[in-house]
There are 2 protein chains.
Amino acid sequence: MADTSVRNGARPLARPASGRAPDPAARALCVAVIGLGAMGLPMARRLASALPVSVFDVDRARRALAAGTGVVGAGSITPAETPADAVRTADVAVLAVRDQTQADEALFGPDGVTTTMRPGAVVLFTSTVGPDVVRAAAARLAEHDLLIVDAPVSGGPARAGDGDLLIVAGAGEAALALARPVLDLLASTLTVVGPNPGDGQALKAINQLLAGVHIAAAAEAVALARGLGLDPRTVIDSLSRGAAGSFMLSDRGPRMVQAYEEEGAEVRSRLDIFVKDMGIVTGIAGAAHVPVPLAAAAEQLYLMGERAGLAAQDDSSIVTVLSPLQTSKESR
Amino acid sequence: MADTSVRNGARPLARPASGRAPDPAARALCVAVIGLGAMGLPMARRLASALPVSVFDVDRARRALAAGTGVVGAGSITPAETPADAVRTADVAVLAVRDQTQADEALFGPDGVTTTMRPGAVVLFTSTVGPDVVRAAAARLAEHDLLIVDAPVSGGPARAGDGDLLIVAGAGEAALALARPVLDLLASTLTVVGPNPGDGQALKAINQLLAGVHIAAAAEAVALARGLGLDPRTVIDSLSRGAAGSFMLSDRGPRMVQAYEEEGAEVRSRLDIFVKDMGIVTGIAGAAHVPVPLAAAAEQLYLMGERAGLAAQDDSSIVTVLSPLQTSKESR
């Protein structure tokens, strides 16, 4: 596993509008974005600031939303009726769907990418689906002479739109070279894990294990602070500087405290993403015969959050499963 | 809960030897240290750099070890045969025992602190025992006109010797004022949680919840990296900068990787401390009716580590419960 992290400077969205000419290599590429959800739409917009982009989503409204974007710069967004149409002239197809089922349909369905995409082109797989799904997709794409870059992304919608994502990639050299201008437009930090599709997913899964457990731990800390009559905000401030500190305690902790002060806080990262991702974590850990008792407990907690109606809420709302909004004073 | 964190500059051990006169207020104090374990001994030495210190431990060898220290400066270390003897002339008794049983014996036993200590003196309770134990001790000490500062410490033996501990204190003003020179000698960061004994323990328990869960999460990450055939060191390096980062991933993660490369790594923090502390966490959370499923899973993991013979090993060795040293290659 080679770590070739590259920290790009954070770049403005409308780079070409600043007067600089876009990279000629990037200009030559045609890109398709399949899936215009929370991540796909801002990624398409980001790419369209420099490249011609065709887009597809099963939801016609999302396609119209993407095409209606007033894009400044060299690129443009053209909606397509099917994945097959979207990739007809594309060199790189960015796949930004939710899960394996959507990926299989988009790639291998009757109107899928593999029916029209030119041999030698690249599918950039940005979803988090686990190593096995990507390895299977890589094998099937190879039958159509298509390459793959396993490139799960982290960072959320706002950073997607700013080209400020963290991407961990597993891919061979040829695929990586072709997709590089697209990766450079999307990522501020790109870690090439190694030459094998699936290795990016493996590293991303470990990232999600830690992130998901740390959010749950922060929730337990906030809930326990409330239960013991301490001010949770002061607890977070005191502890985040020391041995108890984590990115998630500093980031999600204050949002958890807000959950008790404000109705309907801003959703920056949906809770049900962790239902999916902790399922991937425990699945691949089980397949590798590695016990992960804390990840398993966190998975159950996110499932409880989903059952409690929090699926589309910010993931910080998980704290309310441990320390409910309404009964907090009585339960102290 | 008032946060009055004070960040002292890190100060050299032999401050009085540097030529500066010691603080007159500090000079006036007599201090006793009860319990000369991994934390008590370096704390006694640190205090003896500025103050006269009497010491007691149930183990005669530890008393001799403390008294034999070549101390430079204004202070000295005098061993005593009982806690009662140690505190006979003391203004502040620093209690640095392992658990509630030892604390009760040292304070309230037939040769305990309460049999001889002068009314108005202060017991500085540095052990992590949970809020209820300290509240009960405070009530019994009050019957003897003794004050208490609830001041659980974090940072480990090396930082104890350097006066670089983190201390979270719950205490009334009078007790705090009397103990302040001792706290200032021991702590680089002092957070006064509030006026009530037990509040320091509550905050320390939340600290241990997070620290204990984060160590276990780092262990799962390292174990899963090995199981998936990734280089755990590269995984830690890649992920500790981002949303998966924690103090413990950066601190214990590399030590976990070392566990597979070196025999008998240095013990900086014993594993069985987390058996005790996660027991306190789940105990007080249960009493407060707050679910803490991840802390509970972590407690079970540390118990498994203890049963596997790792009690006196560094807590980073918990990773070997998830991914054994010997069978690691086969179990991939």
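1. Remarks on the pattern of salt bridges
A side chain of one charge can pair with a side chain of the opposite charge when the charged atoms of the two come close.
Residues and elements named next belong to chain A.
Move 1: Counted by the stated rule, this structure contains 28 salt bridges over all chains.
Move 2: Residues Glu261 and Arg233 are paired through a salt bridge, measuring 2.8 Å at the closest nitrogen-oxygen approach. Here Glu261, found in the loop between α11 (247–259) and α12 (271–287), pairs with Arg233, found in helix α10 (residues 232–239); they are 28 residues apart in sequence, far enough to count as distant.
Move 3: The exposed category is assigned to Glu261, whose relative accessible area is 51%.

2. Some details on the environment of Val31(A)
Residues and elements named next belong to chain A.
Move 1: Mapped onto the elements of the fold, Val31 is located in strand β2 (residues 31–34).
Move 2: The spacing of Val31 and Pro52 is 21 residues in sequence and 6.5 Å in space, taken between C-alpha atoms.
Move 3: Ignoring sequence-local partners within four residues, the contact set of Val31 consists of Leu47, Leu51, Pro52, Val53, Ser54, Ala90, Val92, Val94 and Val182.

3. Some details on the side chain of Thr114(A)
All names here are of chain A.
Move 1: Structurally, Thr114 is set in the loop between α5 (100–108) and β6 (122–125).
Move 2: Here Leu107 takes part through its backbone oxygen, which lies 2.7 Å from a polar atom of the side chain of Thr114.
Move 3: Leaving out residues up to four positions away in the same chain, Thr114 has contacts with Leu107, Phe108, Leu141, His144 and Leu146.

4. Observations regarding the interface of chain A and chain B
Move 1: Counting from both sides, the interface comprises 55 residues of chain A and, opposite them, 55 residues of chain B.
Move 2: Buried area between chain A and chain B, both sides added, is near 4,800 Å², and the carbon and sulfur share of it is 75%.
Move 3: Remark: the boundary between chain A and chain B carries zero salt bridges.
Move 4: Remark: the boundary between chain A and chain B carries six residue pairs in polar contact (both at pLDDT 80 or more).
Move 5: Residue assignment for the side of chain A that touches chain B shows that the elements contributing at least two residues are β10 (187–194), α9 (199–227), α10, α11, α12 and α13 (293–310) of chain A.
Move 6: Counting residues per element, the side of chain A that touches chain B draws most heavily on α9(A), which supplies 19 residues.
Move 7: Of the residues in the side of chain A that touches chain B, the class split is 39 nonpolar, eleven polar and five charged.

5. Some remarks on the packing of α9(A) against α13(A)
Residues and elements named next belong to chain A.
Move 1: Contact geometry for α9 and α13: axes closest at 9 Å, N-to-C directions at 65°. For the crossing formed where α9 meets α13, the hand is left-handed. In this structure, α9 contributes Leu209, Gly212, Val213, Ile215 and Ala216 to the contact, and α13 contributes Leu294, Ala295, Ala298, Leu301 and Tyr302.

6. Remarks on the side chain of Thr128(A)
Residues and elements named next belong to chain A.
Move 1: If you trace the backbone, Thr128 turns up in the loop between β6 and α6 (131–143).
Move 2: Thr128 sits in the buried class, given a relative accessible area of 8%.
Move 3: A polar contact of 2.6 Å, which involves the side chain of Thr128, links it to the side chain of Lys204.

7. Regarding the packing of helix α9 (residues 199–227) of chain B against helix α10 (residues 232–239) of chain B
Residue and element names in this part refer to chain B.
Move 1: At a minimum axis separation of 9 Å, α9 and α10 run at an interaxial angle of 130°. In terms of axis orientation, α9 runs oblique to α10. Considering how the two elements wind past one another, α9 and α10 form a crossing that is right-handed. Mapping the contact onto sequence places Val222, Ala225 and Arg226 in α9 and Pro232, Val235 and Ile236 in α10.
Move 2: Residues that form the contact of α9 with α10 fall into these classes: five nonpolar, no polar and one charged.

8. Structural notes on the pairing of strand β5 (residues 92–95) of chain B
Two faces make up the sheet, and in a regular strand the side chains alternate between them.
Residues and elements named next belong to chain B.
Move 1: Of the two faces of β5, both are covered, the one formed by Val92 and Val94 as well as the one formed by Ala93 and Leu95.
Move 2: Pairing geometry for strand β2 (residues 31–34) and β5, over four bridges, is parallel. Looking across to β5, one finds that Ala32 is bridged to Ala93.
Move 3: Two elements, β5 and strand β6 (residues 122–125), share four bridges in a ladder whose sense is parallel. Paired with Val94 across the two strands is Leu124, which belongs to β6.
Move 4: Handedness of the crossover is the feature at issue here: the chain leaves β5, passes through helix α5 (residues 100–108), returns alongside β6, and the resulting connection is right-handed.

Thresholds applied
- Residues numbered from 1 in each chain as written.
- Chains lettered and ligands numbered in written order.
- Predicted model: local features only at pLDDT ≥ 70, side-chain atom pairs only at ≥ 80, totals over all residues.
- Heavy atoms only, no water.
- Salt bridge = Lys/Arg side-chain N within 4 Å of Asp/Glu carboxyl O.
- Helix = DSSP H or I, 4+ residues; strand = E, 2+ residues; numbered from the N terminus.
- Buried < 20%, exposed > 50% of the residue type's maximum accessible area, 1.4 Å probe, protein only.
- Contact = heavy atoms within 4.5 Å.
- Polar contact = N/O pair within 3.5 Å; in protein donor to acceptor, adjacent residues only side chain to side chain.
- Buried area = accessible area lost by both parts, 1.4 Å probe.
- Nonpolar A, V, L, I, M, F, W, Y, C, P; charged D, E, K, R; others polar.
- Axes fitted to C-alpha atoms, helices over the stretch in contact; angles between N-to-C directions.
- Left-handed = near helix turned anticlockwise from the far one by under 90°.
- Parallel < 35°, antiparallel > 145°, perpendicular 65-115°, else oblique.
- Pairing = 2+ DSSP bridges.
- Right-handed = clockwise from strand over helix to strand, strands pointing away.

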